[in-house]
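Letter by letter, the chains look like this.
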Amino acid sequence: MALFNELFAKANNGRFILRFDDTDSARSTAEFARAIEVDLDWLGIRPDAIFRQSARASDYEAAAAKLRQTDRLYPCYETAEELEKRRKMQQARGLPPVYDRAALRLTPEERKNYEQAGRRPHWRFKLAPGVISWNDLIRGPTQIDCAALSDPVLIREDGSFLYTLPSVVDDIDMQITHVIRGEDHVTNTAVQLQIFSSLSPHAPAPIFAHHNLLISASGEGLSKRTGSLSISSLREEGYEAMAVAALATLTGSSDNVHAVRDLGHLAQTFDLAHVSRNPARFDPHDLETLTHRTLALLEFDDVRERLAVLEIVGHKAEPLWRAARGNLMRFDEIKKWWRVIDAEIAPVHEDADFLKQAAKLLPAEPWDEQSWAAWTQEIKSVTGRKGKALFHPLRLALTGEESGPELALLLPLIGRSTALNRLIN
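Before going into details, it helps to say that this report is about the structure given with it. (Residues numbered from 1 in each chain as written. Predicted model: local features only at pLDDT ≥ 70, side-chain atom pairs only at ≥ 80, totals over all residues. Heavy atoms only, no water.)

**So, the overall build of the chain**
Reasoning step 1: Looking only at helices and strands, the chain has 19 helices and eleven strands in total.
Reasoning step 2: Taken against the 2.2 N^0.38 rule, which gives 22 Å for 425 residues, the C-alpha radius of gyration of the chain at 31 Å runs more than 25% over that of a compact globule.
Reasoning step 3: Summarising its shape, the C-alpha atoms of the chain cover approximately 105 × 40 × 40 Å along the three principal directions.
Reasoning step 4: Counting across all 425 residues of the chain, residues that qualify as buried make up 42%.
Reasoning step 5: Long-range contacts, defined as pairs at least 24 residues apart, comprise 73% of the intrachain contacts of the chain with a sequence gap of at least 6.
Reasoning step 6: As displayed, the chain has an accessible area near 22,500 Å², and 49% of this comes from carbon and sulfur atoms.
Reasoning step 7: Charge centroids of the chain, computed over 52 positive and 60 negative side chains, lie 3 Å from each other. (Helix = DSSP H or I, 4+ residues; strand = E, 2+ residues; numbered from the N terminus. Rg over C-alpha atoms; globule rule 2.2 N^0.38 Å. Buried < 20%, exposed > 50% of the residue type's maximum accessible area, 1.4 Å probe, protein only. Contact = heavy atoms within 4.5 Å. Areas by Shrake-Rupley, 256 points an atom, 1.4 Å probe, with all protein chains shown as cover. Lys, Arg positive; Asp, Glu negative; His and termini not counted. Charge placed at Lys NZ, Arg CZ, Asp CG, Glu CD.)

Okay, here's the thing in structure tokens:
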């Protein structure tokens, strides 16, 4: 959801606002909020503004007072157990489990008795009858018949707000033009459009888009609460952020999933009209190849700071990245190739006599990317070897690995002294 909003903002020269719906103090902690900010930052999302609903309680109280004055917000005294029993009775009679507005029929005396008994009311928004319609940027023309909905609870018994009312108040105050969220919020949108018109009848409501939801490769939903395929877990497994962003955004759309360098490149082709209404299967196995392709696209400036964290610095850092990036499945694999060019390794001697001959033919420095071709051509002329019989023993001796980056690029970084030592020792 954050990616869709960020990319839409980028593509339309807009501003992306990060808003923490943290009015539920039991479920909203500074730790959770910080984790969200860390995840978004890793994905390259830089919000233009950050707000916390917990700091705006007075604004929501004012909005609630306005709704009470217009008889759109009313107190209810049923307990959760009583409401559940009532829903089951309605279902048993073949009726939809819609709240019957029993609280509206309470007399002042009955309300007083409930309160004297220690019950504190929760507050519901009285929905107006009729059909709410809007043109959804993904779903197209969308209609919700409010007669099929229960009057939503806006304020809990403890006086705290559910996100439904605060989000509308924030949208009005912050002049939000577009809201992009999951299709599980379609019904909420109908409710919030009614609240919006009640609080600000002359201001234009935001334009809504409801995107498809991600499901696992096996077809199960991805739960926010269980941490299934969480951003932090994908990060810890070494997948590239832009691979995660591309897969999450392009899966379930008419666009082919492809590697991108950054969100700016992804935004250039992002289009809500390409998003399917069907659930999108997010298979983490697809991240293997996509991470590899993403790393191959990254320029040195894209990874300079990350390389410095691994203590890969100096004049060899950039040419090493150019040489090795196409061979990496995970970013930290670059450490192996840094050791190959800048540390002691265990060379593998497949054919000691051949390697001694090759050592005698090592050209003098300085070396460049043509030195490998000149050296191996000389070895071929002297020994008659070619193909794997020529190149494989040299790779094993120089790198200790069966495969890897082009030796034409690695050889100048290894240097003549180190190469000679690995060939004969």
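**Here we look at empty space enclosed by the protein**
Reasoning step 1: Under the definition given, this model contains two cavities of 30 Å³ or more.
Reasoning step 2: Of the pockets and cavities examined, the largest cavity occupies roughly 50 Å³.
Reasoning step 3: For the largest cavity, the full set of lining residues is Val 168, Asp 171, Arg 181, Gln 192, Leu 193, Phe 196, Pro 206 and Phe 208.
Reasoning step 4: Looking at which element gives the most residues to the lining of the largest cavity, the answer is helix H7 (residues 186-199), with three residues.
Reasoning step 5: Of the residues contributing to the lining of the largest cavity, the split by class is five nonpolar, one polar and two charged.
Reasoning step 6: Its boundaries defined by the atoms lining it, the second largest cavity holds a volume of some 40 Å³.
Reasoning step 7: Along the walls of the second largest cavity sit Thr 249, Leu 250, Ser 253, Asp 255, Phe 270, Asp 271, His 274 and Val 275, which together make up its complete lining.
Reasoning step 8: Here the residues of the lining of the second largest cavity are counted per class, giving three nonpolar, three polar and two charged. (1 Å grid on protein atoms, 1.4 Å probe; cavity = no way out; pocket = protein on both sides within 12 Å on 5 of 7 lines; lining within 4 Å. Points joined across faces, edges and corners; volume = space filled by probe spheres on them. Nonpolar A, V, L, I, M, F, W, Y, C, P; charged D, E, K, R; others polar.)

**Thoughts on the nonpolar core**
Reasoning step 1: Counting 39 residues, the largest nonpolar core has Leu 320, Trp 321, Trp 375, Leu 394 and Leu 423 as its most contacted members.
Reasoning step 2: Mapped by element, the contributors of at least two residues to this core are helix H12 (300-309), helix H13 (317-324), helix H14 (334-342), helix H15 (352-360), helix H16 (371-383), helix H17 (388-399), helix H18 (407-414) and helix H19 (416-424).
Reasoning step 3: Apart from residues lying up to four places away in sequence, Leu 423 is in contact with His 349, Leu 355, Ala 359, Leu 362, Trp 375, Leu 394, Ala 397 and Leu 398.
Reasoning step 4: In terms of nonpolar packing, the next biggest core, distinct from the first, is built from 37 residues, Phe 8, Leu 18, Ala 243 and Leu 266 among them. (Core = buried A, V, L, I, M, F, W, Y, C linked by side-chain atoms within 4.5 Å.)

**Focus on the layout of surface pockets**
Reasoning step 1: By volume, the second largest pocket amounts to about 650 Å³.
Reasoning step 2: Around the second largest pocket, the lining is made up of 23 residues, and of these Trp 42, Glu 240, Ala 241, Asp 302 and Arg 306 lie nearest the centre.
Reasoning step 3: Elements with a contribution of two residues or more to the lining of the second largest pocket: helix H2 (30-42), helix H9 (241-250) and H12.
Reasoning step 4: The dominant element in the lining of the second largest pocket, judged by the number of residues it contributes, is H12, at three residues.

**Things to note about the packing of helix H6 (residues 164-173) against H7**
Any two packed helices are characterised by the angle at which their axes cross and by the distance between the axes.
Reasoning step 1: Orientation of H6 relative to H7, taken along the N-to-C sense of each, is 55°, at an axis distance of 10 Å. By the angle between their axes, H6 is oblique relative to H7. Seen from above, H6 lies across H7 with right-handed handedness. Residues Thr 164, Leu 165, Ser 167, Val 168, Val 169, Asp 171 and Ile 172 of H6 form the contact with H7, whose participating residues are Val 191, Gln 192, Ile 195, Phe 196 and Leu 199.
Reasoning step 2: Along the lines of polarity and charge, the residues of the contact of H6 with H7 split into eight nonpolar, three polar and one charged. (Axes fitted to C-alpha atoms, helices over the stretch in contact; angles between N-to-C directions. Parallel < 35°, antiparallel > 145°, perpendicular 65-115°, else oblique. Left-handed = near helix turned anticlockwise from the far one by under 90°.)

**Description of the environment of Gly 400**
Reasoning step 1: By the secondary structure assignment, Gly 400 is in the loop between H17 and H18.
Reasoning step 2: Spatially, the C-alpha atom of Gly 400 lies 5.4 Å from that of Val 348, the residues being 52 residues apart in sequence.
Reasoning step 3: In this structure, Gly 400 is in contact with Ile 345, Ala 346, Val 348 and Arg 395, ignoring residues within four places of it in sequence.

**Digging into the sheet that holds strand S4 (residues 122-125)**
Reasoning step 1: The three strands lie next to each other as S3-S4-S7, forming an open sheet whose pairing is antiparallel. At either margin of the open sheet sits one strand with a lone partner, and together these are strand S3 (73-76) and strand S7 (153-155). In this sheet, neighbouring strand axes are inclined to one another by 45° on average, regardless of whether the strands run parallel or antiparallel.
Reasoning step 2: Pairing analysis gives two bridges linking S4 to S7, with the strands arranged antiparallel. Pairing of Trp 123 across the sheet is with Ile 155, part of S7. (Pairing = 2+ DSSP bridges.)

**Remarks on the state of the cysteines**
Here a disulfide denotes a covalent bond joining the sulfur atom of one cysteine to the sulfur atom of another.
Reasoning step 1: Tallying each qualifying case throughout the model produces zero disulfides.
Reasoning step 2: Summary of cysteine pairing: Cys 76 is not part of a disulfide, and the nearest cysteine sulfur, belonging to Cys 146, is at 17 Å. (Disulfide = S-S within 2.5 Å.)

**A closer look at unusual backbone geometry**
Reasoning step 1: Backbone torsion omega between Glu 365 and Pro 366 reads 10°, so that peptide bond is classified as cis.
Reasoning step 2: Mapped onto the elements, Pro 366 comes out in the loop between H15 and H16.
Reasoning step 3: Phi angles above zero are rare outside glycine, and Asn 13 is one such case at about 55°.
Reasoning step 4: Locating Asn 13 in the fold gives a position in the loop between helix H1 (2-11) and strand S1 (17-20).
Reasoning step 5: On the basis of relative accessible area, Asn 13 is assigned to the exposed category, the value being 75%.

These figures come from the coordinates and say nothing about function on their own.
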